[in-house]
Amino acid sequence: GIQVEQSPPDLILQEGANSTLRCNFSDSVNNLQWFHQNPWGQLINLFYIPSGTKQNGRLSATTVATERYSLLYISSSQTTDSGVYFCAPIHTGNQFYFGTGTSLTVIP
Amino acid sequence: ETGVTQSPTHLIKTRGQQVTLRCSSQSGHNTVSWYQQALGQGPQFIFQYYREEENGRGNFPPRFSGLQFPNYSSELNVNALELDDSALYLCASRDTSTDTQYFGPGTRLTVL
């Protein structure tokens, strides 16, 4: 399998602030998804992004596959953004490899 | 709303017992994966089923087994439960047209 490292492990933001979450992976990937896990455990798809840049509202993501990293940008953060963010690359087959995530707390 | 459902939501078992967890995938998604998420960790891949056959397995012992049915439902069975099996169990179905996976809400298993 591949190793996935996410940083920072914990992040506390004031509402309205911006942030960048980073995901490094140890080998080439066929696919990569970013997920948000809410406090009830539900994993919600944010992006399918094996390469390039995508934007969805206040969120955007960039994957540079040749340099083995992906970034998730959150702008104008809201309290509902709180939770754990996971990146999950697929190396071979269809198995996601999850990192330990970034735990985000947005305070009003 | 991902269209993937799991049951039960919570479950309490004692060590040595057996448990069956259920998942209903979105219609048309013929690939389902199961993951175990321990507290404070990321999900770990247990196995995957494609058209009712296991076609990938993570580092889990044989007492973790599964079934997939033609109606897009699946089961995870765990025999001889151990305390360390306490975790959130997630199933995910795959949309091959977009190559994305959609997770259910999970079953939280507690082994006493």
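These numbers were taken from a predicted model, which means no experiment stands behind them.

Peer 1: What is the right way to look at the overall build of chain B in this model?
Peer 2: A tally of regular secondary structure across chain B gives zero helices and eleven strands. Counting helices and strands in the order they occur from the N terminus, chain B gives β-β-β-β-β-β-β-β-β-β-β. Taking 2.2 N^0.38 as the reference for a compact globule, 112 residues should give roughly 13 Å; the C-alpha atoms of chain B span a radius of gyration of 13 Å, in line with that estimate. Each principal axis of the C-alpha atoms in chain B carries an extent, and together these give about 40 × 25 × 25 Å.

Peer 1: Any chance you could explain the nonpolar core here in plain terms?
Peer 2: Side chains of nonpolar character tend, in soluble globular proteins, to be buried together. In terms of nonpolar packing, the biggest core is built from 22 residues, with Leu21, Trp34, Leu46, Phe47, Leu72, Tyr85 and Leu104 of chain A touching the most fellow members. At three residues, strand β3 (residues 19-25) of chain A tops the list of elements feeding residues into this core. Core analysis: the second largest hydrophobic core is formed by 20 residues, Val4, Trp34, Ile46 and Val111 of chain B among them.

Peer 1: Mind showing me how you'd approach the state of the cysteines here?
Peer 2: Across all of its chains, the model carries two disulfides over all chains by this definition. Two residues, Cys23 of chain A and Cys87 of chain A, share a disulfide whose sulfurs are 1.8 Å apart. Where Cys23 of chain A bonds to Cys87 of chain A through sulfur, the torsion about that S-S bond is close to 55 degrees, and the disulfide is right-handed. Here Cys23 of chain A is found in strand β3, whereas its partner Cys87 of chain A is found in strand β9 (residues 83-90), with 64 residues between them in sequence. Grouping residues by exposure puts Cys23 of chain A and Cys87 of chain A together as buried. Between the sulfur atoms of Cys23 of chain B and its disulfide partner Cys91 of chain B the distance amounts to 1.9 Å.

Peer 1: Please clarify how the environment of Thr62 of chain A should be interpreted in this entry.
Peer 2: All names here are of chain A. With respect to the helices and strands, the residue Thr62 is situated in strand β7 (residues 59-64). The exposure class assigned to Thr62 is buried, which follows from its relative accessible area of 16%. Residues Thr62 and Ser7, spaced 55 residues apart in sequence, show a C-alpha to C-alpha distance of 15 Å. Those residues in contact with Thr62, other than ones at most four positions away along the chain, are Ile49, Gly52, Thr53, Tyr69, Ser70, Leu71 and Tyr73. Polar contacts involving the side chain of Thr62 include one to the side chain of Thr53, which spans 2.9 Å.

Scoring rules and cut-offs
- Residues numbered from 1 in each chain as written.
- Chains lettered and ligands numbered in written order.
- Predicted model: local features only at pLDDT ≥ 70, side-chain atom pairs only at ≥ 80, totals over all residues.
- Heavy atoms only, no water.
- Helix = DSSP H or I, 4+ residues; strand = E, 2+ residues; numbered from the N terminus.
- Rg over C-alpha atoms; globule rule 2.2 N^0.38 Å.
- Core = buried A, V, L, I, M, F, W, Y, C linked by side-chain atoms within 4.5 Å.
- Buried < 20%, exposed > 50% of the residue type's maximum accessible area, 1.4 Å probe, protein only.
- Disulfide = S-S within 2.5 Å.
- Contact = heavy atoms within 4.5 Å.
- Polar contact = N/O pair within 3.5 Å; in protein donor to acceptor, adjacent residues only side chain to side chain.

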